[in-house]
Amino acid sequence: MQSKATTPEQYLAELPEDRREAMSKLREITLQNLPKGFEEQISYGMLGYVVPHSIYPNGYHCTPELPLPFFAIASQKNSINIYHMMVYSDKNLHDWFSAEYPKYCKSKLDMGKSCIRFKKMNDIPYDLIGELLSKVTVEQWISEYENTLKK
């Protein structure tokens, strides 16, 4: 479900109350923990956090006119999802998150490649997500991204 919103505030305002509360808290945690250099915007119809062209002029290789995506939060039909590109590309970070998750949640981790789904709003481990976000700088993400492209 891609939103047509053009600002994060508009995106949140369009959500049902129960989703708005959880999404607002995720946004707050993200803004508090995301290292300097990433920028918030609407990206692919979600709350997106990207490396702007001012830092990485090449942009995203699939669509160079777009900035390099790093993290996103979306309210989907059956869940709230976060998308963390470094969890997908860095096995050590993936393994760390997978090992830490049970310490914060009783529910089973529902995870795709870069997507982590939360079907119950009470199961969202905000502190763990904040810690995850704080672990990767813009420079580390650019390096990982470029190394992955070379493979």
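The model shown is predicted, which means the values in this text are computed figures rather than measured ones.

A separate point is the environment of Ile 116. Summarising the element assignment, Ile 116 is placed in strand E6 (residues 115–118). Taking the C-alpha atoms as reference points, Ile 116 and Ser 79, separated by 37 residues in sequence, lie 9.6 Å from one another. For Ile 116, the contacting residues outside a window of four places in its chain are Ile 80, Asn 81, Ile 82, Phe 97, Leu 109, Asp 110 and Met 111.

Before going further, it helps to spend a moment on the packing of helix H2 (residues 17–33) against helix H5 (residues 126–134). Interhelical geometry of H2 versus H5 gives an angle of 35 degrees and a closest axis separation of 8 Å. The chirality of how H2 crosses H5 is right-handed. Taken together, the residues of H5 that come into contact with H2 (itself represented by Ala 22, Lys 25, Leu 26, Ile 29, Thr 30 and Asn 33) are Tyr 126, Ile 129, Gly 130, Leu 133 and Ser 134. Tallied by class, residues from the contact of H2 with H5 come to six nonpolar, four polar and one charged.

Turning to its location among the elements, Gln 76 is positioned in the loop between strand E3 (68–75) and strand E4 (80–84). A polar contact of 3.5 Å, which involves the side chain of Gln 76, links it to the side chain of Tyr 83.

We now examine the sheet that holds strand E2 (residues 46–51). Strand order in this open sheet of six strands is E1-E2-E3-E4-E6-E5, and the pairing throughout is antiparallel. Two strands bound the open sheet, and with one partner strand each, they are strand E1 (39–43) and strand E5 (110–111). Relative to E3, E2 runs antiparallel, the two sharing five bridges. Along E3, the bridge assignment pairs Gly 48 with Ala 72.

Counting buried residues in E4 gives five out of five residues, a clear majority hidden from the surface. Every second residue of E4 is oriented toward a common face, with Ile 80, Ile 82 and His 84 on one face and Asn 81 and Tyr 83 on the other, all of them buried. Pairing between E3 and E4: five bridges, direction antiparallel. Looking across to E4, one finds that Phe 71 is bridged to His 84. Hairpin connection between E3 and E4: a loop of four residues separates the two successive antiparallel strands. Pairing of E4 with E6, which is carried by four bridges, proceeds in the antiparallel orientation.

Moving on, we come to the pattern of salt bridges. Under the definition given, this model contains seven salt bridges. Residue Asp 110 pairs with Lys 119 through a salt bridge whose shortest N-O separation is 3.3 Å. On the basis of relative accessible area, Lys 119 is assigned to the exposed category, the value being 55%. Overlapping salt bridges bring together Glu 9, Arg 27 and Glu 40 as one network.

What counts as what
- Residues numbered from 1 in each chain as written.
- Predicted model: local features only at pLDDT ≥ 70, side-chain atom pairs only at ≥ 80, totals over all residues.
- Heavy atoms only, no water.
- Helix = DSSP H or I, 4+ residues; strand = E, 2+ residues; numbered from the N terminus.
- Contact = heavy atoms within 4.5 Å.
- Axes fitted to C-alpha atoms, helices over the stretch in contact; angles between N-to-C directions.
- Left-handed = near helix turned anticlockwise from the far one by under 90°.
- Nonpolar A, V, L, I, M, F, W, Y, C, P; charged D, E, K, R; others polar.
- Polar contact = N/O pair within 3.5 Å; in protein donor to acceptor, adjacent residues only side chain to side chain.
- Pairing = 2+ DSSP bridges.
- Buried < 20%, exposed > 50% of the residue type's maximum accessible area, 1.4 Å probe, protein only.
- Salt bridge = Lys/Arg side-chain N within 4 Å of Asp/Glu carboxyl O.

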